[in-house]
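Chains, contacts and geometry: an overview
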Amino acid sequence: MLPIKTETLFFELALTLYFIATIIGVIGLFKGKKDTFKSILVLAIIGFILHTANIAVRYIEGGHIPITNLHEGASFFSWCIVVLFLLLEYRYKIRLLGSFIMPIVLVLMLSSSMFPRGISPSLNPVLKSYWFGIHTILAFLGDAAFAMAAGIGVMYLIQERYVKSKRLSGLFQKLPSLQSLDEINYRLISLGFPLLTLAIITGVIWANTAWGTYWRWDPKEVWSLITWLIYALVLHLRLTVGWRGKKAAGLSIIGFILVIFTFFGVNLLLKGLHAFV
Amino acid sequence: MNIIVIGLNHDTAPIDIREKAAFNGPKLEEAIDILKNSPGIKENIILSTCNRVEIYANVTDIASGSERVKKFIADFHRIPEEVLNKSLYVHSGKNAMTHVFRVASSLDSMVVGEPQILGQLKDAFDIALKMKSSGVMLNKLMKKAISVAKRVRTETKIGESAVSISFAAVELAKKIFEDLSTKAFILIGAGEMAELAAKHLINNGVKDVLVTNRTFERAENLAREFNGKAVEFDNFLQALVHTDIVICSTGAPNYILVKDHVHKIMKQRKNKPMFLIDISVPRNIDPEINDIDNVYLYDIDNLHGVVNTNIEERNKEAEKGEKIVDEEVETFLKWQASLNAVPAIVALRDKAEAIRKEELENTLRKLGNLGEKDVKAIEALTNSIVNKLIHFPTAALKSASEDTEVMVDIVSRIFDLNTGTKNKSEDPGDRGNDEKQ
């Protein structure tokens, strides 16, 4: 037996790399030297590879998708965010994005590291269904898109502050244009919303096959629904009356706070059927 | 080998003197030619822009050379010497190099960091090259100045942010909108600054241009100039629904755009962002509309504020630039010092070679008929002895960076070289001219 398990090693290494990336990202906000974004990207990529290895090892050892407790859930959540972050960087090359996204990843990873890490050998029979994988992966991908949207929303609000207040120093030069931030925020919500919708639908179907009822007003179900409504509202208001810019950015941040509460708060504070997640 | 800079700029000379002292068009070549044929002036380059007139020269003697150049400027432009001298600055040696590097890097410009000066300096250098008025010293100085300027530009943020009203407007537009080519723009009224800003916007991609004016004819004329469309003044509010960038510059004594208007317009636009620039004094757009979401209003004072912070930023960056210039002056001085040693090294080598040849011939004659192989062996022997012997003084001359003159003097005396301290300064310049021809 190794003194430290391989998957734990992978996890700790990924966490460390995300940590360094966060530090560099935050310093990059204040120090106006050369672009730090390349080093953040490299760290995130290496961290991501190790993180993937961690999840793969857990999958092989446990024989099921490793999203069965809060440790695994938070870890998978941040993994999804890193996937989207890398894709977004590849597609748009947004300066300073890492400075706003890596802290979210880090906080999720740190909280993940604080929950018990055991790989449950005997899975709750309810989870032995292919709906389990589809439902959870869809949910976390949607949540990751909302996390990105919130990060972009924060960037928007900061940049908007600069332009409105007419004090154009500090981050003004480095942050992207308001329009691009607003559009990317919108695209991310348009991506997250159908994912969340599908997650809820698959959840409902799965609930019916597992418990014989579609909807039981379990706290997680309720809070997911509230989150869904918020994002539905964001999209609806944008398309009808043009709620864009500051309001959209603000709502996307509120939406993400709800996502986080639905994920952690419901599990830790309110007991329900989803307690095993 | 003495570099001098004689000139005047926006700080030292009022505009009328700068105008008189300028070397424009054919005058420039004429002046270069006169200087080229002046005794004691071995090389010259003339930089003449609207903010500065400077002559860079390599002279045999600093004092007499400076006097000659000063007198030349006065005579050439028929400016009384006592008037001109009040505006002129004279730098020599290290100060001259620092000055040239600072000018090239735009640290000495009226607007610090403005990029044109480097191009102007390159042009001046090109003309000098073409007219063969510059030689090894000034060529090296110019090349170095250009590379220093590039270093300053890349290593500091000296040229990063806009320092004119019209550029500041474009910079802001780019931070509000991602792609200006998909945005529509309207110019309300006219005026120099507004039209300049409009031109900058068009240069930065804005294609959809509208112009409106109380005098429709005026609007039509401007629209033609900008390749846009003229709009009746009474209809401009309706046009705002489809325009993203507004520049307003009318002589109206009151607000022509108020909160109510913009509320309605924004509703029709579905809150698509709008950037309004009010250049008019008194203002034409109610400042309160800046409070409306997705509406960004800048008046002339706001833009001045932006420009001022940017200038402060540039001045901070300029300090970093000064450090780079100081560093580069040091390396240039080192190069120049090593150049001082070149004639001595050449003379030493020539002398050694002459001695070797003479002795070799003598010996070979005395020895009589030797085989080809033996002759070659003896030759090789003499060569290697000479080379090994002169290696030490040569290396010493090359490495001496601060006390080159002393070293040159010592070596010249020991080996009785005829490149004494007296001629030393002549040689590199002449060699430079040879190289060039």
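So, about the overall build of chain A. Assigned secondary structure in chain A consists of eight helices and zero strands. Ordered by position from N to C terminus, the α and β elements of chain A give α-α-α-α-α-α-α-α. Radius of gyration (C-alpha) of chain A: 19 Å, near the 19 Å computed for a compact globule of 277 residues. In terms of overall dimensions, chain A has C-alpha extents of about 60 × 50 × 30 Å along its principal axes. Going through the 277 residues of chain A one by one, you find that 54% of them count as buried. At a minimum sequence separation of 6, the contacts of chain A that also span at least 24 residues come to 81%. Here chain A has roughly 12,300 Å² of accessible surface; of this, 74% comes from carbon and sulfur atoms. Of the charged side chains in chain A, 24 are positive and 12 negative, and the gap between their average positions amounts to 10 Å.

Attention now goes to a negative patch on the surface. Residue and element names in this part refer to chain B. Taken together, the side chains of Glu217, Glu220, Glu232 and Asp234 present a region of like negative charge at the surface. Here glutamate 217 lies in helix H10 (residues 216-226). With a relative accessible area of 54%, glutamate 217 lands in the exposed category.

Time to look at the domain arrangement of chain A. Residue and element names in this part refer to chain A. One can read the domain layout of chain A as domain 1 (1-116) and domain 2 (124-277). A straight line from the C-alpha centre of domain 1 to that of domain 2 covers 20 Å. On the domain 2 side, the residues contacting the 30 residues of domain 1 number 35 residues. With both sides pooled, the region where domain 1 packs onto domain 2 buries about 2,700 Å², and carbon together with sulfur makes up 85% of that total. On the surface where domain 1 and domain 2 come into contact, there are zero salt bridges. Here domain 1 is connected to domain 2 by two residue pairs in polar contact (both at pLDDT 80 or more). Those elements giving two or more residues to the side of domain 1 that touches domain 2 turn out to be helix H1 (6-30), helix H3 (70-92) and helix H4 (97-114). The leading source of residues in the side of domain 1 that touches domain 2 is H3, at twelve residues. Partitioning the side of domain 1 that touches domain 2 into residue classes produces 21 nonpolar, six polar and three charged.

Residue and element names in this part refer to chain A. Two elements in contact, H3 and helix H5 (residues 130-165), have axes separated by 8 Å at closest approach and are oriented at 55 degrees. Relative to H5, H3 is oriented oblique. When you trace H3 past H5, the crossing you get is right-handed. Counting all contacts with H3, which are made through Gly73, Phe76, Phe77, Cys80, Ile81, Leu84, Phe85 and Leu88, the residues of H5 involved are Ile137, Phe140, Leu141, Asp143, Ala144, Ala145, Ala147, Met148 and Ile152. Residues belonging to the contact of H3 with H5 are distributed by class as follows: 15 nonpolar, one polar and one charged.

The next subject is the sheet that holds strand E6 (residues 208-213) of chain B. Residue and element names in this part refer to chain B. Spatial ordering of the open sheet is given by E7-E6-E5-E8-E9-E10, a layout of six strands whose pairing is parallel. Edge positions in the sheet fall to strand E7 (229-232) and strand E10 (295-299), since each has one partner strand and no second. Along the sheet, successive strands turn relative to each other by an average axial angle of 20 degrees, direction set aside. Sheet topology places strand E5 (residues 184-189) next to strand E8 (residues 245-249); five bridges connect them, and they run parallel. Its bridge partner lying in E8, leucine 187 is registered against isoleucine 247.

For the rest of this paragraph, the subject is the interface of chain A and chain B. The interface of chain A with chain B comprises 27 residues on the first partner and 29 residues on the second. Together chain A and chain B conceal approximately 2,200 Å² of surface at their shared face, both sides included; 45% is due to carbon and sulfur atoms. Viewed at the interface, chain B and chain A are joined by one salt bridge. Its salt-bridge partner being lysine 247 of chain A, residue aspartate 293 of chain B comes within 3.7 Å of it at the nearest N-O pair. For the pair chain A and chain B, the interface holds 21 residue pairs in polar contact (both at pLDDT 80 or more). Looking at the side of chain A that touches chain B, the elements that each hand over two or more residues are H5, helix H6 (178-211), helix H7 (219-241) and helix H8 (246-269) of chain A. For the side of chain A that touches chain B, the element with the most residues is H5 of chain A, which contributes six residues. Here the residues of the side of chain A that touches chain B are counted per class, giving ten nonpolar, nine polar and eight charged.

Within the fold, glutamate 221 of chain A resides in helix H7. At 6.0 Å, arginine 216 of chain A is the nearest oppositely charged side chain to glutamate 221 of chain A, a buried residue that forms no salt bridge.

Definitions and limits used
Counting of residues starts from 1 at the beginning of each chain's written sequence and follows it residue by residue. All chains are assigned letters beginning at A, and all ligands numbers beginning at 1, according to the order in which they are written. The predicted origin of the model limits local features to residues at a pLDDT of at least 70 and limits the giving and counting of side-chain atom pairs to 80 or more, whereas totals for whole chains, interfaces and linings rest on all residues. Excluded from the side-chain calculations are hydrogens and water; all other atoms, namely the structure's heavy atoms, are used. A run of DSSP states H or I qualifies as a helix once it reaches four residues; a run of E qualifies as a strand once it reaches two. Both are numbered from the N-terminal end. Radius of gyration: over C-alpha atoms. The globule rule applied is 2.2 Å multiplied by the number of residues raised to the 0.38 power. With a 1.4 Å probe rolled over the protein chains alone, any residue whose accessible area is under 20% of its type maximum counts as buried; one over 50% counts as exposed, and the rest are partly exposed. Whether two residues are in contact is decided by their heavy atoms, any of which lying within 4.5 Å being enough. For the area figures, the Shrake-Rupley method with a 1.4 Å probe applies, and any residue is considered shielded solely by the protein chains shown. Residues scored as positive are Lys and Arg, those scored as negative are Asp and Glu, and His as well as the terminal groups of each chain are ignored. A single reference atom marks each charge: NZ on Lys, CZ on Arg, CG on Asp, CD on Glu. Nonpolar side chains (Val, Leu, Ile, Met, Phe, Trp, Tyr) within 5 Å and like charges within 9 Å form the patches, drawn only from residues with over 30% relative accessible area and no salt bridge. What makes a salt bridge here is a side-chain nitrogen of Lys or Arg within 4 Å of a carboxyl oxygen of Asp or Glu, nothing more. For every domain, the bounds stem from an assignment made automatically or drawn from a database. Two parts placed together each lose some accessible area; with a 1.4 Å probe, that loss summed over both constitutes the buried area. The definition of a polar contact used here is a pair of N or O atoms within 3.5 Å, where within protein one atom must be able to donate a hydrogen and the other to accept one, and adjacent residues in sequence count solely through side-chain atom pairs. Any residue outside Ala, Val, Leu, Ile, Met, Phe, Trp, Tyr, Cys, Pro, Asp, Glu, Lys and Arg is labelled polar, Gly included; the first ten of those are nonpolar and the last four are charged. Between N-to-C directions, angles cover 0 to 180 degrees, with each direction set by a line fitted to C-alpha atoms, over the stretch in contact for helices. Orientation labels follow simple angle bins: below 35 degrees gives roughly parallel, above 145 gives roughly antiparallel, 65 to 115 gives roughly perpendicular, and whatever is left gives oblique. By definition, turning the near helix anticlockwise from the far helix through less than a right angle yields a left-handed crossing, and turning it clockwise yields a right-handed one. Strand pairing requires that DSSP identify at least two bridges connecting the strands.

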